[in-house]
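Structural overview for review
One letter stands for each residue in the lines below.
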Amino acid sequence: MLTAPEVKKLATGLGIDLVGIASADRFAGLPADAHPASVLPQATAVIVLGHRVPRGSLRGHETGHAHYVLSANSPMQYALTRTYQFCCALETEGWEAFPMYPHSSDVREMGVPVAPDKPAPNVVLDIEYAAHAAGLGEMGRGGFFLTPEFGPRQFFTAVITDLPLEADAPFAGSVCDACGLCVEACPALALSREELVEHPLSEGVATVYALRKESCRVCPGTGGTGVPYATGQDPWRLGAPCGRACVAHLEDSGLLTRRFHSPFRNEEASSC
Ligand code: SF4
Ligand code: SF4
């Protein structure tokens, strides 16, 4: 039977950057429309896969000279391919492997239940809740999921499986230092340092700055974009001024394990 280290080696061999394992019981207490067991009742674990977004893909937005470079779809295409390959590899060993991708929570109610006691399709996993439960990182104050390796520069996918695996501990470290630079960078005053919002986690809660998502809709030319396969309620903000400020700060402060030979912000950042 595949062990947790073997599963992680399999994933990294496919080019997947980060791998963490959360036991299915870490999702206890979540509603049925967010619970892995709703789609795979025999689920034993959720394997969370992190796919880096190359720093260079933010450069066009940073300098303001090539706004077309980054969209959520391009790095996501590679994430989907690798996740598909990973699922096939688990299936080859005889284990069920159900892939889940980031979705806006508003797609949960698109459809009708297959039975009166079932949640309406689609069941949507909270991918960031899962990534924390799998030990990969934390939710930063700016509402970006931060890993010690890449800060906010990654996508996550997840695989629900019936393969019994030893789980990783939920993330107990810290990446965000509450600098507030994501708030200061926002040209639309969409983030509020005074108003804090709590997000439940498998252990404890994440406290983040309140975000007025409707303000982010004026931001697409700066690098903000919609989550793929969603209706656009949840903006993907990595390439926007808030996300890039976070990248620059975490790198300059030496808070990330992945290092570059030159700083990210070596010239004036683009304005919104
Ligand atoms: S910019 Fe600062 S406060 Fe905002 S998420 Fe990044 S580290 Fe946290
Ligand atoms: S995407 Fe734009 S408007 Fe939204 S928080 Fe970031 S910088 Fe502000």
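Here goes a summary of the coordinates provided. (Residues numbered from 1 in each chain as written. Chains lettered and ligands numbered in written order. Predicted model: local features only at pLDDT ≥ 70, side-chain atom pairs only at ≥ 80, totals over all residues. Heavy atoms only, no water.)

Quick notes on the environment of Gly140
Note the threshold: Helix and strand definitions follow DSSP, with helices as H or I runs of at least four residues and strands as E runs of at least two, each counted in order from the N terminus. Relative accessibility thresholds used throughout: buried, under 20% of the residue-type maximum; exposed, over 50%; partly exposed, between the two (1.4 Å probe, protein chains only). Residues count as neighbours in contact if any of their non-hydrogen atoms are within 4.5 Å of one another.
By the secondary structure assignment, Gly140 is in the loop between strand 4 (138-139) and strand 5 (145-146). Judged by its relative accessible area of 1%, Gly140 falls in the buried class. Once the C-alpha coordinates of Gly140 and Val175 are considered, the two residues, 35 residues apart in sequence, prove to be 7.3 Å apart. Once residues within four sequence positions are removed from consideration, Gly140 is found in contact with Leu146, Cys176 and Val208.

Focus: the pairing of strand 2 (residues 45-52)
Every other side chain in a regular strand lies on the same face of the sheet, so the side chains alternate between the two faces. Rule in force here: One bridge is not enough; two strands pair if DSSP finds at least two bridges between them.
The buried fraction of strand 2 is high, at seven of eight residues. The pairing of strand 1 (residues 18-23) with strand 2 spans six bridges and is classified as antiparallel. Bridge assignment links Ser23 to a residue of strand 2, and that residue is Ala45. Pairing of strand 2 with strand 6 (residues 154-161) involves eight bridges; the strand directions are antiparallel. Its bridge partner being in strand 6, His51 is matched across the sheet by Phe155.

Structural notes on the pattern of salt bridges
Side-chain pairs of opposite charge can arise whenever the charged atoms involved come near each other. Heads up, the rule is: By definition here, a salt bridge exists when the distance from a side-chain nitrogen of Lys or Arg to a carboxyl oxygen of Asp or Glu is within 4 Å.
In this structure the tally under the stated criterion is six salt bridges. Salt-bridge contacts for Glu62 lead to Arg244; the nearest nitrogen and oxygen are separated by 3.0 Å. Within this pair, whereas Glu62 is found in helix 2 (residues 59-63), its partner Arg244 is found in helix 7 (residues 241-252), the two being separated by 182 residues in sequence. With respect to burial, Glu62 and Arg244 carry one shared label: buried. Between Glu62 and Arg265 there is a salt bridge, with its nearest N and O atoms 2.6 Å apart. Taken together, the residues span a long stretch of sequence, with Glu62 in helix 2 and Arg265 in the segment after helix 7 at a distance of 203 residues. A relative accessible area of 0% means that Glu62 is categorised as buried. A relative accessible area of 31% places Arg265 in the partly exposed class. Among the charged side chains, a network of salt bridges with common partners joins Glu62, Arg244 and Arg265.

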